[in-house]
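As a plain string of letters, each chain reads:
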Amino acid sequence: MSRSIKKGPFVEEKLMIRVRRAQRASSRNVIRTWSRASMIMPEMVGLTIGVHDGRRHIPVLIGENMVGHRLGEFAPTRTFRGHVGRSDRTTSIR
Amino acid sequence: MALVAGVNIPDNKRVEVSIQTVYGVGPSVAKRVVEEAALPGNPRVRELSEEELNRLRGALDRSGAIIEGDLRRDVQMNVRRLIDIGSYRGLRHRRGLPARGQRTKTNARTKRGRRRAIANKKKVGH
């Protein structure tokens, strides 16, 4: 089931404050966040956001057609290095 | 065999079923189109006159349904967008794996294709 329209999109408040500040200052610094569930808003386009993958903050440059997706979609949490004994296509990290 | 919506050729089924071979026409659109075409007595495609066929084609055109090449291109573009923006779902499409969190330990055969044998795979014992 999709989220009720009444509530509006979820974005962590602190993140949104930092995004607005960065846009006003047109600063290009990476905004680090742990809030993978936050929706990407139009205001974020052009910024680089460091999305936590459980270990590091993956820098994600936000483009226009990313709006509406969640930040976490762009920072994979798993690294699959192939199965045991499979020589072809192993160690191909996403 | 009659030509409806470009290359598609239905046969000797009832019209409502037959036009569902067109990519993008399912039960719902089919029903609407057949009603609009006003064919008397739920006929099979081979029983249609040329004039009735044209009415059917017209009804399908006017239905506003996106079908065949256009629909395939739309789907293709949606997938390409997911891949281009580097999203998780795009990644799964690239890998040919299910994109909506389904399990892949077993099942997911539709997306992954036929089973491939894995050397020395041990049976799960009881």
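None of these values were measured; they are calculated from a predicted model.

Some details on the overall build of chain B
Line of reasoning, step 1. Across its full length, chain B holds six helices and zero strands.
Line of reasoning, step 2. Overall, chain B shows an N-to-C arrangement of helices and strands of α-α-α-α-α-α.
Line of reasoning, step 3. Reported as C-alpha extents along the three principal axes, the dimensions of chain B are approximately 65 × 40 × 20 Å.
Line of reasoning, step 4. For chain B, buried positions account for 29% of its 126 residues.
Line of reasoning, step 5. Summed over all atoms, the accessible surface of chain B reaches about 9,000 Å², with 50% contributed by carbon and sulfur.
Line of reasoning, step 6. The average position of the 29 basic charges and that of the 13 acidic charges among the side chains of chain B differ by 22 Å.

Things to note about the interface of chain B and chain A
Often, the extent of an interface is quoted as the loss of accessible area upon association of its parts.
Line of reasoning, step 1. Contacts between the two partners involve ten residues from chain B and, on the opposite side, eight residues from chain A.
Line of reasoning, step 2. Surface buried jointly by chain B and chain A totals about 990 Å² across both partners, of which 51% is contributed by carbon and sulfur atoms.
Line of reasoning, step 3. The interface formed by chain B and chain A holds two residue pairs in polar contact (both at pLDDT 80 or more) in total.
Line of reasoning, step 4. Mapped by element, the contributors of at least two residues to the side of chain B that touches chain A are helix H4 (68–84) and helix H5 (88–95) of chain B.
Line of reasoning, step 5. Considering every element that reaches the side of chain B that touches chain A, the biggest residue donor is H5(B), with five residues.
Line of reasoning, step 6. For the side of chain B that touches chain A, the per-class residue count stands at four nonpolar, two polar and four charged.

Observations concerning the domain arrangement of chain B
Residue and element names in this part refer to chain B.
Line of reasoning, step 1. Once the domains are mapped, chain B shows domain 1 (2–62) and domain 2 (68–106).
Line of reasoning, step 2. Look at where the C-alpha atoms of domain 1 and domain 2 centre, and you get two points 31 Å apart.
Line of reasoning, step 3. On the side of domain 2, four residues touch domain 1, which itself brings five residues to the contact.
Line of reasoning, step 4. In total, about 390 Å² of surface goes out of reach between domain 1 and domain 2, with carbon and sulfur atoms giving 60% of it.
Line of reasoning, step 5. On the domain 1 side of the contact with domain 2, Asn8, Tyr23 and Gly24 bury the most area, a combined 84% of that side's loss.
Line of reasoning, step 6. Seen at the junction of domain 1 and domain 2, the total is zero salt bridges.
Line of reasoning, step 7. Put simply, domain 1 and domain 2 have one residue pair in polar contact (both at pLDDT 80 or more) between them.
Line of reasoning, step 8. Broken down by class, the residue content of the side of domain 1 that touches domain 2 amounts to three nonpolar, two polar and no charged.

Re the packing of H4(B) against H5(B)
The relative placement of two packed helices comes down to the angle between their axes together with the axis-to-axis distance.
Residue and element names in this part refer to chain B.
Line of reasoning, step 1. At a minimum axis distance of 7 Å, the contact between H4 and H5 shows a crossing angle of 115°. With respect to H5, the element H4 is oriented roughly perpendicular. The way H4 lies across H5 gives a crossing that is left-handed. Contacts between H4 and H5 involve Val79, Leu82 and Ile83 from the first element and Arg89, Gly90, His93 and Arg94 from the second.

Considerations on the packing of aromatic side chains
Line of reasoning, step 1. Scanning all chains against the criterion turns up zero aromatic pairs over all chains.
Line of reasoning, step 2. A cation sits over an aromatic face here: Arg72(B) above Tyr23(B), 4.2 Å from the ring centre.

Some thoughts on a positive patch on the surface
Line of reasoning, step 1. On the surface, Arg18(A), Arg20(A), Arg21(A), Arg24(A) and Arg32(A) cluster together into a positively charged patch.
Line of reasoning, step 2. The biggest single contributor to the positive patch is helix H1 (residues 13–24) of chain A, with four residues.

What to know about the nonpolar core
Residue and element names in this part refer to chain A.
Line of reasoning, step 1. Judged by nonpolar contacts, the single largest core of 21 residues is most densely connected at Val11, Leu15, Ile40, Met44, Ile62, Met66 and Leu71.
Line of reasoning, step 2. Residue assignment for this core shows that the elements contributing at least two residues are H1, strand E2 (48–52) and strand E3 (57–61).
Line of reasoning, step 3. Per-element accounting of this core gives the leading share, four residues, to H1.
Line of reasoning, step 4. If near-sequence neighbours (up to four positions away) are discounted, Leu71 is found in contact with Leu15, Thr33, Ser35, Arg36, Ser38, Ile40, Ile49, Val51 and Ile62.

A short note on the environment of Pro40(B)
Line of reasoning, step 1. Mapped onto the elements, Pro40(B) comes out in the loop between helix H2 (27–37) and helix H3 (50–62).
Line of reasoning, step 2. In sequence terms Pro40(B) and Glu52(B) are twelve residues apart; their C-alpha atoms lie 9.8 Å from each other.

Reading the values: the criteria
- Residues numbered from 1 in each chain as written.
- Chains lettered and ligands numbered in written order.
- Predicted model: local features only at pLDDT ≥ 70, side-chain atom pairs only at ≥ 80, totals over all residues.
- Heavy atoms only, no water.
- Helix = DSSP H or I, 4+ residues; strand = E, 2+ residues; numbered from the N terminus.
- Buried < 20%, exposed > 50% of the residue type's maximum accessible area, 1.4 Å probe, protein only.
- Areas by Shrake-Rupley, 256 points an atom, 1.4 Å probe, with all protein chains shown as cover.
- Lys, Arg positive; Asp, Glu negative; His and termini not counted.
- Charge placed at Lys NZ, Arg CZ, Asp CG, Glu CD.
- Contact = heavy atoms within 4.5 Å.
- Buried area = accessible area lost by both parts, 1.4 Å probe.
- Polar contact = N/O pair within 3.5 Å; in protein donor to acceptor, adjacent residues only side chain to side chain.
- Nonpolar A, V, L, I, M, F, W, Y, C, P; charged D, E, K, R; others polar.
- Domains from an automatic or database assignment.
- Salt bridge = Lys/Arg side-chain N within 4 Å of Asp/Glu carboxyl O.
- Axes fitted to C-alpha atoms, helices over the stretch in contact; angles between N-to-C directions.
- Parallel < 35°, antiparallel > 145°, perpendicular 65-115°, else oblique.
- Left-handed = near helix turned anticlockwise from the far one by under 90°.
- Phe/Tyr/Trp six-rings, centres within 6.5 Å; stacked < 30°, edge-to-face > 60°.
- Lys NZ or Arg CZ within 6 Å of the ring centre and 35° of its normal.
- Patch = residues over 30% accessible without salt bridge, like charges linked within 9 Å, V, L, I, M, F, W, Y side chains within 5 Å.
- Core = buried A, V, L, I, M, F, W, Y, C linked by side-chain atoms within 4.5 Å.

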